[in-house]
Amino acid sequence: MERPKGAGDVDSASREAGSDAGRSERPTSKDVARLAGVSHTAVSFVFNGRAAGNLSPATQERIRKAAEQLGYRPNAVARGLRRRRTAVIGLVTDHIASSPFAGPLLRGAMETAWDSEHLVLTVDSTGDPAKEDAAVAELLDRRVDGIIYAAMSLRSARVPAGLNRTLAVFANCLPDDGSLAAVIPAERAGGRAAAKLLLDAGHRRIALVGGLDDIASAERLRGFRDALRTVGERAGKDRIVRGGGEISAGHEGAMRLLDGVPADRRPTGIVCYNDRVAAGVLHAATRLGIDVPGDLSLVGYDDQEHMAAFLNPPLTTVALPHRAMGETATRLLLAAIETGTAPAVEVRRLECPVVSRASVGPPPGT
């Protein structure tokens, strides 16, 4: 398979290969073989991952240097046809393109795929079920190796038609029929961590502001109550103020809890459904002359980029693991592609880390 090559032969082969390559749109593996002085099969071994045990390390290195010199790249389409793979995975999303959290999740998926020599083809459906079905059909027509379905926020999601025809993983949502593996935030643990930040600082009069009629809100509230029970406290209905997930919900909820309430009866700590709600609570506190964190400590949720760190004071918050969800879902899918076996139908819950800044202090008077 291999034959010795002298220095003169290298120069001659290089000129010959370069001349041949100049007549072609792109260099071929045969050009690489000529320049390296090996067989075409040897080049195939190197670029198909079969060189170990068949070629010496020195020969492998010579082939790679020849390929680099010529600017040779393996034909991904041809290689995919041989392996019955395309090295492309699909990513179907609902409203992620318009979400502030899109970047980390997409980057996590794309960079993980790239590290395994895969590309990610992304389609945003804007939440339209018909578009989701069409997107899956189009991706299958393009013979992607598998599909990730990702949602903007944690919810029970319909499984798009046709998704059961390929390897698939859900990210930041749960399949409504429980048929597929899913990667989601550990929301209950996150709610527990948010309340614990205040409890550990010495607060006992704690409230929760904001929330939607969704899985994330319900899980965070459970975690919030879990934490209070550890110190023998409970949150009555007067300390749980729902109302939504926007700045206005935080402002209105804080005014209900704080406006006209004597200092010795009002909450000294508030856990917010998200960072936008926390911004509304901060606005209300400023309007009422309540200092944060001197009179009131505040914990957000999400660690929203370009927001949480720039509030006054910078917001202590619980981060959603968007990048980690993209990475984990992609690794699960790639492992399934490699083995040809669907991922185990299970829910993986990823830690929501605490990001400590300046909005939490001890209760007033301590």
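### Let's talk about the environment of A42
Within the secondary structure layout, A42 lies in helix 3 (residues 40-47). Residue classification places A42 among the buried residues on the basis of a relative accessible area of 0%. It is 8.3 Å that separates the C-alpha atoms of A42 and I63, two residues lying 21 residues apart in sequence.

### What about the packing of helix 3 against helix 4 (residues 57-70)?
Look at helix 3 against helix 4: their axes get within 10 Å of each other, and the N-to-C directions meet at 90 degrees. Considering the angle they form, helix 3 stands roughly perpendicular to helix 4. Here helix 3 contributes A42, V43, V46 and F47 to the contact with helix 4, which in turn contributes Q60, I63, R64 and A67. Taken together, the residues of the contact of helix 3 with helix 4 break down into 6 nonpolar, 1 polar and 1 charged.

### Things to note about the confidence of the model for the protein chain
The pLDDT averaged across the protein chain works out to 89; a share of 90% of its residues lies at or above 70. Here residues 1-24 scores under 50 on pLDDT; set against residues more than four positions off or in separate chains, the count is 31 contacts.

### Observations regarding the pairing of strand 10 (residues 269-272)
By the alternation rule, side chains of strand 10 split into G269 and V271 and I270 and C272, which are all buried. Bridge count for strand 8 (residues 206-209) against strand 10 is 4 bridges, and the pairing is parallel. Bridged to L208 within strand 10 is V271. Summarising the sheet, strand 10 and strand 11 (residues 297-302) pair through 3 bridges and their orientation is parallel. What sits directly across from V271, in strand 11, is V299. Each parallel crossover has a hand, and the one from strand 10 via helix 11 (residues 275-288) to strand 11 is right-handed.

### Overview of the pairing of strand 5 (residues 168-171)
What you see with strand 5 is no split at all: A168 and F170 on one side and V169 and A171 on the other are buried throughout. Pairing geometry for strand 3 (residues 146-150) and strand 5, over 4 bridges, is parallel. Opposite I147, over in strand 5, you have A168 as the bridge partner. Strand direction decides the pairing type here: strand 5 and strand 7 (residues 181-185), joined by 3 bridges, are parallel. Among the inter-strand pairings, V169 is bridged to a residue of strand 7, identified as A181.

### A short note on helix 2 (residues 29-36)
Burial analysis of helix 2 places 6 of its 8 residues in the buried class, the great majority of the element. Downstream of helix 2 by one or two residues, G37 has phi in the positive range, about 75 degrees.

### Quick look at the pattern of salt bridges
Throughout the structure, instances matching the rule amount to 17 salt bridges. Note that D133 and R158 form a salt bridge whose closest N and O atoms lie 2.6 Å from each other. Of this pair, D133 sits in helix 7 (residues 129-141) while R158 sits in the loop between strand 4 (156-157) and strand 5, and the two are 25 residues apart along the sequence. The partner of E138 in a salt bridge is R142, and the shortest N-O contact between them spans 2.6 Å. Taken together, the salt bridges that share partners define one network made up of R188, R192, D226 and R229.

About the cut-offs
Residues numbered from 1 in each chain as written. Predicted model: local features only at pLDDT ≥ 70, side-chain atom pairs only at ≥ 80, totals over all residues. Heavy atoms only, no water. Helix = DSSP H or I, 4+ residues; strand = E, 2+ residues; numbered from the N terminus. Buried < 20%, exposed > 50% of the residue type's maximum accessible area, 1.4 Å probe, protein only. Axes fitted to C-alpha atoms, helices over the stretch in contact; angles between N-to-C directions. Parallel < 35°, antiparallel > 145°, perpendicular 65-115°, else oblique. Contact = heavy atoms within 4.5 Å. Nonpolar A, V, L, I, M, F, W, Y, C, P; charged D, E, K, R; others polar. pLDDT = per-residue confidence, 0-100. Pairing = 2+ DSSP bridges. Right-handed = clockwise from strand over helix to strand, strands pointing away. Salt bridge = Lys/Arg side-chain N within 4 Å of Asp/Glu carboxyl O.

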